[in-house]
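Here's the letter readout for the chains.
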Amino acid sequence: MTVDWAIFSWFNGLAGKYAFLDEIMKLLGNEYLLPVSLSLVLLGLWFSGASREQREKNQRAVFSTVLSLGITNGLIKVLHALYFRPRPFAAQEVNLLFPPPADSSFPSNLTAVAFVFAFSLWLSHRKMGTALFLPAILVAAGRMYVGVHYPTDVIAGALLGILVSYGCFRLLPLLEPLPTLALRWGRKMYLA
Amino acid sequence: MDRFALEYSLFVFVACLGVLQIAAARNRLEGLSLFPRQGWSYLFATLALVFSFGWFFSSQSRYQSPLLDGWEQLLLFGLSSLFALALTLALASALKANKPATPTTSPDGLEVLQKLTYLQALRRKRGLG
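Right, let's walk through the structure included here. Values in this document were obtained by computation on a predicted structure and should not be read as measured data. (Residues numbered from 1 in each chain as written. Chains lettered and ligands numbered in written order. Predicted model: local features only at pLDDT ≥ 70, side-chain atom pairs only at ≥ 80, totals over all residues. Heavy atoms only, no water.)

## Considerations on the packing of helix α4 (residues 52–82) of chain A against helix α8 (residues 151–174) of chain A
Residue and element names in this part refer to chain A.
Step number 1: Orientation of α4 relative to α8, taken along the N-to-C sense of each, is 135°, at an axis distance of 8 Å. As summarised for this structure, α4 and α8 are arranged oblique, according to the angle between their axes. Pair α4 / α8 crosses with right-handed handedness. Packed against α4, whose contacting residues are Arg60, Phe63, Ser64, Leu67, Ser68, Ile71, Thr72, Leu75, Ile76 and Leu79, the element α8 presents Leu160, Val164, Ser165, Cys168, Phe169, Leu171 and Leu172 at the interface. (Axes fitted to C-alpha atoms, helices over the stretch in contact; angles between N-to-C directions. Helix = DSSP H or I, 4+ residues; strand = E, 2+ residues; numbered from the N terminus. Parallel < 35°, antiparallel > 145°, perpendicular 65-115°, else oblique. Left-handed = near helix turned anticlockwise from the far one by under 90°. Contact = heavy atoms within 4.5 Å.)

## Quick word on the packing of helix α1 (residues 3–26) of chain B against helix α3 (residues 70–95) of chain B
All names here are of chain B.
Step number 1: One way to put it is that α1 packs onto α3 with a least axis distance of 8 Å and a crossing angle of 45°. As far as their axial angle goes, α3 and α1 are oblique. Along this stretch, α1 crosses α3, giving a crossing that reads as right-handed. Here Ala5, Tyr8, Ser9, Val12, Phe13, Cys16, Leu17, Leu20 and Gln21 of α1 come into contact with α3, specifically with Gln73, Leu76, Phe77, Ser80, Ser81, Phe83, Ala84, Leu85, Leu87 and Thr88.
Step number 2: When its residues are assigned to classes, the contact of α1 with α3 shows 13 nonpolar, six polar and no charged. (Nonpolar A, V, L, I, M, F, W, Y, C, P; charged D, E, K, R; others polar.)

## Comments concerning the packing of aromatic side chains
Step number 1: With the rule as written, the count across this model stands at 22 aromatic pairs over all chains.
Step number 2: Both rings, one in Phe11 of chain B and one in Phe53 of chain B, keep their centres 5.0 Å apart while their planes meet at 90°; by these two values the pair is edge-to-face. Of this pair, Phe11 of chain B sits in helix α1 while Phe53 of chain B sits in helix α2 (residues 38–57), and the two are 42 residues apart along the sequence.
Step number 3: On the basis of relative accessibility, which here comes to 0%, the residue Phe11 of chain B falls in the buried class.
Step number 4: Through pairs of rings, three or more aromatic residues link up here, namely Tyr32 of chain A together with Phe4, Tyr8, Phe11, Phe53, Trp55, Phe56 and Phe57 of chain B.
Step number 5: Sitting above the plane of the Trp122 of chain A ring, Arg126 of chain A keeps its charged end 3.8 Å from the centroid. (Phe/Tyr/Trp six-rings, centres within 6.5 Å; stacked < 30°, edge-to-face > 60°. Buried < 20%, exposed > 50% of the residue type's maximum accessible area, 1.4 Å probe, protein only. Lys NZ or Arg CZ within 6 Å of the ring centre and 35° of its normal.)

## Examining helix α3 (residues 33–46) of chain A
Step number 1: Spanning 14 residues, α3 of chain A covers 20 Å between terminal C-alpha atoms, matching the ideal 20 Å at 1.5 Å per step.
Step number 2: Listing the buried residues of α3 of chain A in full gives Leu33, Leu34, Pro35, Val36, Leu38, Ser39, Leu40, Leu42, Leu43, Gly44, Leu45 and Trp46 of chain A. (Expected span 1.5 Å × (residues − 1).)

Shown next, in the form of structure tokens:
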């Protein structure tokens, strides 16, 4: 038995024991809850800030996060096309709480997205970013709990999300004057 | 657009309407606020978020594996949030059409919406206000 399978079995072994915990993990491991919730946080962040400088800082963080999300999604599509790893339920009997997904298990897309949000925001807003690591970790655990990912899938997803976020954070100043022009246009339209 | 994409867009649209009211109330953005009192904005936001999340996630089909991939989600979220913003700005302008424009020294940016509605800001820009 591999370490990967042993850790997966521990998380997945909890499924089906407590109906309430199952429902929470299904919700956390859902493909839509976390991406929509955190995108709404970004929307709110765009309009927040006590001063123009603070708001601009927030809006640049939104740019960086959206750019990271786009690149991460693109990379995962490529990785899924290049390498197909069967899901855990294809190898052995597991407690599957979701209808079986058909795409590659490696890396976990949802975990990568969760870590993009958390790490991108952590780079510019330490408190908010730190708070978002909790749902990101819960999502990663939730994906194993519901039986759709191995630990290595979620670890790879988290690392990919963090690396891309860091890259985009560093890349954004190199994209000047595009972000500044976009913000200037937004201000002219009273939207930034 | 298939049914699921439409439902996802509607969910995001209603949730964005709620978040925009929170942003309006927290940052005192008159031009984005649909209500005369902050408390009403928070109440509306709470109802919009509870309703949209409750409705969307009450269906078991939401647990089926990706009916929308990441790119589609990103695109639909962007479009739905833009529609929500456009509707909010238009509604706030219409609801406060009779309110006299408050003078503001800010030439541009969101801070203009702390004093003016979006329509008033556009009219001022064109020298009509």
